[in-house]
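Coordinates in review
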Amino acid sequence: PSVASLAGFAVARVTLHRGIRAVYATLPPVMAEYIRLLPVVPDASVLAALIAAGIGAAVLFGAAPALHATRHAGTITTHGATPDGRTSGLRHGLVVTQVAVSAPLIVTCGVLLRGSVRLATTDLGLQTRDVIELRTRNRSNETALATLRAHPLVRTVAASSTSTFGAGRLVSASDADAPSVVPVRMPQKLVSPGYFDVYEIGLVSGRTFTEAEASGGAPVVILSQQAAATLWPGQNAVGRLVRLAQDSPVPDGYTPPSPVVEVVGVARTVFTSFDEAMRATIYSPMSVVGSNLNMLVKTRGGNVSAAMRQIDADLTAAVPGVAEMVITAQDLTAGRVYPFQAMSWAAGIIGGIALALTISGIYGVLAYAVARRTKEIGIRMALGESATGIVGMILKQSMRLCAIGLGIGLSLAVALSTALASTLVMMDMFHVAAFSAGIVIVIAACLVAAFYPARGAARVEPMVALRIE
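Structure report, in brief. (Residues numbered from 1 in each chain as written. Predicted model: local features only at pLDDT ≥ 70, side-chain atom pairs only at ≥ 80, totals over all residues. Heavy atoms only, no water.)

Assigned secondary structure in the chain consists of 14 helices and eleven strands. Expressed as a percentage of its 469 residues, the buried residues of the chain come to 40%. Long-range contacts, defined as pairs at least 24 residues apart, comprise 82% of the intrachain contacts of the chain with a sequence gap of at least 6. (Helix = DSSP H or I, 4+ residues; strand = E, 2+ residues; numbered from the N terminus. Buried < 20%, exposed > 50% of the residue type's maximum accessible area, 1.4 Å probe, protein only. Contact = heavy atoms within 4.5 Å.)

Glancing now at the pairing of strand E6 (residues 220–224). When you tally the buried positions in E6, you get five out of five residues, the bulk of the element. Residues Val-220, Ile-222 and Ser-224 line one face of E6 and the alternating positions Val-221 and Leu-223 line the opposite face, and both faces are buried. In the sheet, E6 pairs with strand E8 (residues 260–267) via five bridges, with the strands oriented parallel. From the neighbouring strand, Ser-224 faces E8, where its bridge partner is Ala-267. Here two bridges tie E6 to strand E9 (residues 282–285), and the two strands are oriented antiparallel to one another. Looking across to E9, one finds that Ile-222 is bridged to Tyr-283. (Pairing = 2+ DSSP bridges.)

A complete count under the given rule lists four salt bridges for this structure. In this structure, Lys-298 and Glu-200 form a salt bridge, with 3.1 Å as the shortest nitrogen-oxygen distance. Here Glu-200 lies in the loop between helix H6 (195–198) and strand E5 (203–206) and Lys-298 lies in strand E10 (residues 294–299), a separation of 98 residues in the sequence. Lys-298 gets classed as buried once you look at its relative accessible area, which sits at 4%. Residue classification places Glu-200 among the partly exposed positions, given a relative accessible area of 36%. One salt-bridge network, in which partners are shared between bridges, spans Arg-129, Glu-200 and Lys-298. (Salt bridge = Lys/Arg side-chain N within 4 Å of Asp/Glu carboxyl O.)

Before going further, it helps to spend a moment on the packing of aromatic side chains. All told, the structure shown has five aromatic pairs when counted by the stated rule. Aromatic pair Tyr-195 and Tyr-199: ring centres 5.5 Å apart, planes at 70 degrees, arrangement edge-to-face. Overall, Tyr-199 belongs to the buried group, its relative accessible area being 0%. With 6.1 Å between their ring centres and 45 degrees between their planes, Tyr-195 and Tyr-283 make a pair best called tilted. Note that Tyr-195 is positioned in helix H6 and Tyr-283 in strand E9, a separation of 88 residues in sequence. (Phe/Tyr/Trp six-rings, centres within 6.5 Å; stacked < 30°, edge-to-face > 60°.)

Our focus in this paragraph is the nonpolar core. One recurring pattern in soluble globular proteins is that nonpolar side chains are buried together. With 27 residues, the main nonpolar core has Val-99, Ile-377, Ile-390, Ile-394 and Val-442 as its most contacted residues. Sorting the residues of this core by element identifies helix H4 (85–120), helix H10 (329–372), helix H11 (374–382), helix H12 (387–421) and helix H13 (432–458) as the ones contributing at least two each. Take this core: its biggest share by element is eight residues, from H12. The next biggest cluster of nonpolar side chains, apart from the first, holds 24 residues, and it includes Phe-165, Tyr-195, Ala-218 and Ile-327. (Core = buried A, V, L, I, M, F, W, Y, C linked by side-chain atoms within 4.5 Å.)

Shape is all these values report; function is a separate question.
Written as structure tokens, this is what we have:
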């Protein structure tokens, strides 16, 4: 146990070191500069705990068989010819427990893996390539805007009241022609007319804002598809009137031009929030000229990172200190989906470990159980049982135990999924395909673990088996 504990300690140190390096290597640039991991290197106290646990496990699992052997010494010489029901029950219980513990791990990891991959590859509803976001300080930006528009690497400049994936302030929206309708809370985002062109957010119907509407604060809005479907399901929203009311204090002092606004367009829904209801966005017009905190720049293509550095340098030279942060929209996107990518990697690793433990654990127990039945198998074969029949018998008994453990494990998996579903957003914790795949993997693992001991038993020579004492 001491040697095994030392080996485990060494593996843990290497794994932690490599894991930390992998975390930093895969972090998006936007997150790497803000994340600092605390030291997690195992020390002497961890090593002492490992050695103590190893010695305790060795004593526990070594003393129990020894004690059992002293109580049933008369059955040892038969080498399994006289089966001990208590021992067999213990072995069967170990197999059932192994499957019952591994099944929820494999199933839940499969569900998490599928959900995190789906989230990491979700269509965001906008194109972030060649886009740079400049978070400016709250002051006049005319000089900065002129510099950007004249820059050879800049194609389009737009503005918004929040960051790329910011939902915006909350307002209460309702159909102005139906006063009795209960208002719906929706995020409102102020954008300039070029916002939809910068991010290539297609309009499903209607039109975008005009410069006159943006500079004059006209009472018009553009709704996301989800917002339009929420207010007028299955109907055309263009030309409809929406009544808006503040849902919370407005931090930037924005005052709506009118409580009733007209819908002039419907745009594709953008993935602005993990809460699906918060993606029902209302876009109101704003001018790109003013004290905007978020300016969006569409570059002329090529290396967007190089373009960002050049634009940042030129803007700093023209208007020192105006840019609080300059970042590519792709880096913002990477920072948004990275947690789900990391979750998929972790789920895959945990699922692989659970699968390996399932196969090795069941194989060890079944191999020992088959070895204990060597004389019985020899007698069966001497009486005419075929090798195929021996393999089928062992596999049938093994799969019966697997079925019992799988039933218990699936119950635990459902309970674990229920607990996770209350904390993880946008995760379908009861996906049938993921559960089915987990069941198939567990059954396949049990078959693999049981097949090789069964095949070894079928190769036993009857006369050799009968001479075993």
